Amino acid sequence: MEKNEISIGRSRLNDLVVQNKEVSNFHAKLIFEQDGSLWIYDMDSTNGVFVNGIKIRTKHRVMPSDKIKLGSFDLDWQQAILVGDSPIKDQQEQISNLISEKQDRNPALKWIVGSLALLVLLILFFTTGLFEKSKEIISEVTQSWQLKNDKIVYDISCLADETDGGKLIKVMSDAKKVLLAADSVKIEAKEEVEVGIELKEEIEAEYSFTNEANYTTRVNKVFSTLIAELDSPRFDYEIYVVESDTVNAFTAGGKIFIFTGIIDFTANDDELASIIGHEIYHNELGHIGNMLKEMKVARNWLGEGLGDISYYVTSLLTTSFNQENEVYSDLYGLDLAVKAGYNGCAGIDFWQRMQEKEEPGSKSLFDKFIRSHPFSAERVNCNKKHIDLNYYHQCN
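Predicted model, so just to flag it, every value in this text is computed and none were measured.

Peer 1: Hey, could you go over a negative patch on the surface for me, with residue numbers and the actual values?
Peer 2: A cluster of acidic side chains, namely E212, E243, D245 and D264, defines a negative patch on the protein surface. Relative to the assigned elements, E243 resides in the loop between β10 (238-242) and β11 (249-252). The class of E243 is partly exposed, set by a relative accessible area of 45%.

Following this line, the structure appears as structure tokens:
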């Protein structure tokens, strides 16, 4: 049976976007059956769907007098079924005027006129061809970003992908873990925070933080949207916009530093979300803590000079984490961006453009080995494979 669906939720991928914390990313659907009935479905939302104060289990047939809430949010479902500028919309305005004129004279007419108004709207909806038209308007993207699996799978074999350089990085990474045995060292969150504070001081000594609204407003909006999707953040996150043409961003201890150069380089907020999400997950995945563990081991082996916080801060400013951690942060950041309603394909677009900035012919085995970050082409490959593995969506 064919259905006309209107998806409702906080994600921008829905047909009706509701910016309310009580509303899940993909909260509910309004579905028109071919027999003319209208149903609302709860899409496993966190705070539920309530009809006339009663929480529905899965679905409910909507009647003209029904009051619907998504969590505590009042849903104007009659408005939700309208499709753009159409005869239905014009008819709604005429009906609203009629109700306004009549209800003062006879309040009892309000419910009757409202019910008749809905009936007229439904008749128009199915007789003006808008039923078929609206099915074409329904976003395929909403469905395509649904997960293929019950749980997201993280596979970074894409980093090797049958190349000698990739295999070498994998071997060396495994060897480092065994050699340093850093997992036996304990690092507390407050130690990571201390590094973040010192990193901020180092940046302030060399750069300036900008307060220009065209940067800060955009960054803070994306940043707060992403942070809101973290279930139990490890840190009280802060983000700083650094005034510099450098295309760069880095983080430590919950403090994220993003340069105006990389903001300018991003084509849209979707790409910016992939960058900020990447930095968030360096913290969430414990990459800074792991680096501190390695520093402690180095201190035991080589003395204080190569194991103190200053050395770690300097390494953050000049290099970064290892290539495997970079890919993991890319993939987790991608998923966070999708969860927050951004386009997960944006990271692919970003790294494809970054690839054009890399030196031609700089992909020798030696170059691969000494790099702190994967080549942009490898990051494109890993993003594509992750989306193909976990989502129904197909990036262009």
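Peer 1: Hey, could you go over the environment of P64 for me, with residue numbers and the actual values?
Peer 2: Its place among the elements puts P64 in the loop between β7 (59-61) and β8 (68-70). Considered as a pair, P64 and Q78 are 14 residues apart in the sequence and their alpha carbons are 8.7 Å apart.

Peer 1: Which residues make up the pairing of strand β1 (residues 4-9), and what values go with them?
Peer 2: Strand residues, when the strand is regular, have side chains that alternate between the two faces of the sheet. Along β1, five of the six residues are buried, which leaves the element largely enclosed by surrounding structure. Here five bridges tie β1 to strand β3 (residues 28-32), and the two strands are oriented antiparallel to one another. Residue pairing for β3: E5 is matched across the bridge by I31. Of the pairings in the sheet, the one linking β1 to strand β2 (residues 16-17) comprises two bridges and is parallel in character. From the neighbouring strand, G9 faces β2, where its bridge partner is V17.

Peer 1: Residue-level account of helix α8 (residues 213-227), with values.
Peer 2: Compared with an ideal rise of 1.5 Å per residue, which puts 15 residues at 21 Å, α8 spans 20 Å between its outermost C-alpha atoms and is within 8% of the ideal. For α8, every residue scored as buried is listed here: Y215, T216, V219, V222, F223 and L226. Angularly, the buried residues of α8 cover 145 degrees about the axis, an arc narrow enough to put them on a single face. In this structure, α8 carries N214, T217 and K221 as exposed residues pointing more than 90 degrees from its buried face.

Peer 1: For helix α14 (residues 346-355), give the residues involved together with the corresponding values.
Peer 2: Residues A346, G347, I348, F350, W351 and M354 constitute the buried set of α14. Considering only its buried residues, α14 is in contact with α9 (260-265), α10 (269-284), α13 (323-339) and α16 (376-390).

Peer 1: Lay out the sheet that holds strand β12 (residues 255-259) in plain terms, naming residues and giving numbers.
Peer 2: Strand order in the open sheet made by the three strands is β10-β12-β11, with mixed pairing throughout. With partners counted over all chains shown, the strands left at the sheet margins are β10 and β11, one partner each. Sheet twist, expressed as the average angle between the axes of neighbouring strands with direction ignored, equals 15 degrees. Pairing geometry for β10 and β12, over five bridges, is parallel. Bridge pairing links E238 to K255 in β12. Of the strands in this sheet, β10 and β12 touch α8, which is tilted by about 150 degrees from β10.

Peer 1: With reference to specific residues and values, describe the side chain of T216.
Peer 2: By the element assignment, T216 lies in helix α8. Dropping the residues within four chain positions of it, T216 is found in contact with T210, N211 and V241.

Peer 1: Report on the sheet that holds β8, specifying residues and quantitative values.
Peer 2: Backbone hydrogen bonds are what pair the strands of a sheet, in a parallel or an antiparallel way. If you walk across this open sheet you meet the four strands as β6-β5-β8-β9, and the pairing is antiparallel. A strand with exactly one partner marks an edge of an open sheet, and here the two such strands are β6 (54-55) and β9 (73-75). In this structure, β8 lies alongside β9, joined through three bridges in antiparallel fashion. The residue of β9 that forms the bridge with L70 is F73.

Peer 1: Give a detailed account of the environment of I256, specifying residues and quantitative values.
Peer 2: Of note, I256 is situated in strand β12. For the pair I256 and I280, spaced 24 residues apart in sequence, the C-alpha separation works out to 7.5 Å. Beyond its immediate stretch of four places on either side in the chain, I256 contacts F223, Y237, E238, I239, Y240, F250, T251, I276, E279 and I280.

Peer 1: Any chance you could break down the pattern of salt bridges for me, citing the residues and the numbers?
Peer 2: Taken as a whole and assessed by the stated rule, the structure comprises 13 salt bridges. Here R10 and E229 are joined by a salt bridge, their closest N and O atoms 2.4 Å apart. Taken together, the residues R10 in the loop between β1 and β2 and E229 in the loop between α8 and β10 connect sequence positions 219 residues apart. Judged by its relative accessible area of 14%, R10 is buried. For the salt bridge of K69 with D74, the shortest nitrogen-to-oxygen distance reads 2.5 Å. D74 sits in the exposed class, given a relative accessible area of 51%.

Peer 1: I'd like to hear about the state of the cysteines, residue by residue, with values.
Peer 2: Using the criterion set out here, one finds two disulfides in the structure. A sulfur-sulfur distance of 2.1 Å marks the disulfide that ties C158 to C382. Across the S-S bond of C158 and C382 the torsion is about 105 degrees, and the bridge reads as right-handed. Placement of C158 in the loop between α5 (140-144) and α6 (164-180) and of C382 in helix α16 is noted, with a sequence separation of 224 residues between them. C382 matches C158 in its accessibility class, with the two residues each being buried. Sulfur-sulfur distance for the disulfide between C345 and C395 comes to 1.9 Å. On the sign convention where negative is left-handed, the bridge of C345 and C395, at about -85 degrees about the S-S bond, is left-handed. Residue C345 is found in the loop between α13 and α14, and its partner C395 is found in the segment after α16; the two are separated by 50 residues along the sequence. Assessed through its relative accessible area of 7%, C345 is described here as buried. For C395, a relative accessible area of 26% gives the class partly exposed.

Analysis parameters
- Residues numbered from 1 in each chain as written.
- Predicted model: local features only at pLDDT ≥ 70, side-chain atom pairs only at ≥ 80, totals over all residues.
- Heavy atoms only, no water.
- Patch = residues over 30% accessible without salt bridge, like charges linked within 9 Å, V, L, I, M, F, W, Y side chains within 5 Å.
- Areas by Shrake-Rupley, 256 points an atom, 1.4 Å probe, with all protein chains shown as cover.
- Salt bridge = Lys/Arg side-chain N within 4 Å of Asp/Glu carboxyl O.
- Lys, Arg positive; Asp, Glu negative; His and termini not counted.
- Charge placed at Lys NZ, Arg CZ, Asp CG, Glu CD.
- Helix = DSSP H or I, 4+ residues; strand = E, 2+ residues; numbered from the N terminus.
- Buried < 20%, exposed > 50% of the residue type's maximum accessible area, 1.4 Å probe, protein only.
- Pairing = 2+ DSSP bridges.
- Expected span 1.5 Å × (residues − 1).
- Arc of directions from axis to C-beta.
- Contact = heavy atoms within 4.5 Å.
- Axes fitted to C-alpha atoms, helices over the stretch in contact; angles between N-to-C directions.
- Disulfide = S-S within 2.5 Å.

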